[in-house]
Amino acid sequence: MRDLKHTVFWPPFLILLFSAAYSLIDVQGFLRHASTLNTWLLDHFGWMYAAGTLFFLGLCAWVYVSPVGKIKIGGKDAQPILNRWRWFSITLCTTVAIGILFWGTAEPLYHLHQPPAGLDITPGSPDAARFALSTMYMHWTFTPYGIYTLTALMFALAFYNMGQPFSLGSLLAPLLGKRAHGPIGHGIDAICLYSLVAGMGASLGAGMLTIAGGLEHLISIEKNAFSLALIALSIVAVFVLSAASGLMKGIRTLSHWNMIAFIAFCAFIFLFGPTRFLLSFGVEGLGEYLGHFLERSLYTGAAAGDPWPFFTGPTGWPGRR
């Protein structure tokens, strides 16, 4: 407790505790207020989100080709502690994680049958199918990883190269100096802590539903409150053991085997599924994605009064589902 940053820990903890208690006491009231707040934020700042994600991706591309991209994280004599395969496995498993299994199927089906009205696409049509696949490219490739990469690079440079504290507030150290570790930095850390826990809760929920549905279909285990609780406890137990063992043990090992299982699953689908169609439609969807990249990245639905882009999105984005 002596090392606990009280101004960082307690505000998000109390808000999350209140939210959890409120959702248990009055589910409909909690959903109504949460939806109202979410709608207000997206109505007023959705345009900023759309422009910001594209800006992040462009900034990452600029960093890659600029002199900044030649800076070695940790200094010129630093050596990587893991090979590229291990880093890739950890990155994939700690970003897209369970989402790619759940929403990798559900999201394109949703887009196929409910495309945005503002784009004048007929539901269930070939145009809707191309839109659905191109939207998958949009949501699961360069744009989200532009967000992850930019934040990670800023933190890595601040911590490893500038010697700043292990805190997300350190990202502002080049601008604010020591003030980045005062109330402003603590506020950033608190907001990020709340967002992290809320995001993990959403991923946990998706994972529970995926596993429960699979068990019910394969071995007839009924999906109910008890089975969901057991699944949740199992996932949390594995997570805690993995995190407690550190990066070089549990996280590295689990990520490695998860990655092997994921590749094996994809290879099975590719080899024993409609391989020719997967290749042909994948290329067609890629062309749709590249051809409409800027248009879809900045689409807000304002001209047509279309709320589709900023519904609560499956990938953690506000919208585009």
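A.B. asks: For the overall build of the chain, give the residues involved together with the corresponding values.
C.D. replies: Scanning the chain from terminus to terminus reveals 12 helices and 0 strands. Starting at the N terminus and ending at the C terminus, the chain contains elements arranged as α-α-α-α-α-α-α-α-α-α-α-α. On C-alpha atoms alone, the chain measures out to a radius of gyration of 21 Å, which is about the 20 Å that the 2.2 N^0.38 rule sets for 321 residues. Principal-axis analysis of the C-alpha atoms gives the chain an extent of 55 × 50 × 45 Å. By the burial criterion, 28% of the 321 residues in the chain qualify as buried. At a minimum sequence separation of 6, the contacts of the chain that also span at least 24 residues come to 60%. Split by element, the accessible area of the chain, about 20500 Å² in all, is 72% carbon and sulfur. Side chains of the chain give 18 positive and 14 negative charges; the mean places of these two sets differ by 16 Å.

A.B. asks: Would you mind going over the packing of aromatic side chains in detail, with residue names and values included?
C.D. replies: Inspection of the entire model under this criterion finds 17 aromatic pairs. With a centroid separation of 5.5 Å and 85° between ring planes, the pair formed by Trp 10 and Phe 13 is classed as edge-to-face. On the criterion of helical spacing, the pair formed by Trp 10 and Phe 13 is a turn pair, its members being 3 residues apart in helix α1 (residues 6-25). With relative accessibility at 32%, the residue Trp 10 sits in the partly exposed group. On the basis of relative accessibility, which here comes to 35%, the residue Phe 13 falls in the partly exposed class. In this structure an aromatic cluster arises from ring pairing among Phe 155, Phe 159, Tyr 160 and Phe 166.

A.B. asks: So, the environment of Lys 72: which residues are in play, and what are the values?
C.D. replies: Residue position: Lys 72 is located in the loop between α2 (27-65) and α3 (84-93). On a C-alpha basis, the gap between Lys 72 and Asp 43 in space is 41 Å, while along the polypeptide they are 29 residues apart. With residues up to four places along the chain from it excluded, the contact list for Lys 72 reads Ala 78, Gln 79 and Asn 161.

A.B. asks: Describe the packing of α3 against helix α10 (residues 247-272), listing the residues and the values that go with them.
C.D. replies: Direction vectors running N to C along α3 and α10 enclose 80°, while the axes themselves pass 8 Å from each other. Classified by the angle their axes make, α3 and α10 are roughly perpendicular. Along its contact with α3, which presents Trp 85, Arg 86, Trp 87, Phe 88, Ser 89, Ile 90, Leu 92 and Cys 93, the element α10 presents Leu 247, Ile 251, Arg 252, Ser 255, His 256, Asn 258, Met 259, Ile 260, Phe 262 and Ile 263. Each residue belonging to the contact of α3 with α10 can be placed in one class, and the counts come to 12 nonpolar, 4 polar and 2 charged.

What counts, and where the lines are drawn
- Residue numbers restart at each chain and count upward from 1, following the sequence in its written direction.
- The model is predicted, so local features are restricted to residues of pLDDT at least 70 and side-chain atom pairs to those at 80 or more, both for listing and for counting; the totals for chains, interfaces and linings are taken over all residues.
- In computing side-chain properties, one takes all heavy atoms of the structure into account and sets aside hydrogens as well as water.
- Secondary structure elements follow DSSP: runs of H or I of four or more residues count as helices, runs of E of two or more count as strands, with numbering from the N terminus.
- In this treatment the radius of gyration is a C-alpha quantity, and the globule benchmark scales as 2.2 Å times the residue count to the 0.38 power.
- Relative accessibility thresholds used throughout: buried, under 20% of the residue-type maximum; exposed, over 50%; partly exposed, between the two (1.4 Å probe, protein chains only).
- Any pair of residues with heavy atoms lying within 4.5 Å of one another is described as a contacting pair.
- Computed by Shrake-Rupley with a 1.4 Å probe, the accessible areas treat only the displayed protein chains as cover when residues are assessed.
- Positive charges come from Lys and Arg, negative ones from Asp and Glu, while His and the chain ends are left out of the count.
- Think of each charge as sitting on NZ of Lys, CZ of Arg, CG of Asp or CD of Glu.
- Ring geometry is summarised as follows: Phe, Tyr and Trp rings, the Trp one being its six-membered ring, pair when their centres sit within 6.5 Å, and such pairs are stacked at plane angles under 30 degrees, edge-to-face over 60 and tilted between the two.
- Axes, fitted as lines to C-alpha atoms, cover a helix only where it is in contact. Angles between the N-to-C directions of the axes lie from 0 to 180 degrees.
- For classification, angles of less than 35 degrees are called roughly parallel, those exceeding 145 degrees roughly antiparallel, those between 65 and 115 degrees roughly perpendicular, and all remaining angles oblique.
- Side-chain classes follow a simple rule in which Ala, Val, Leu, Ile, Met, Phe, Trp, Tyr, Cys and Pro form the nonpolar group, Asp, Glu, Lys and Arg form the charged group, and the remainder, Gly included, forms the polar group.

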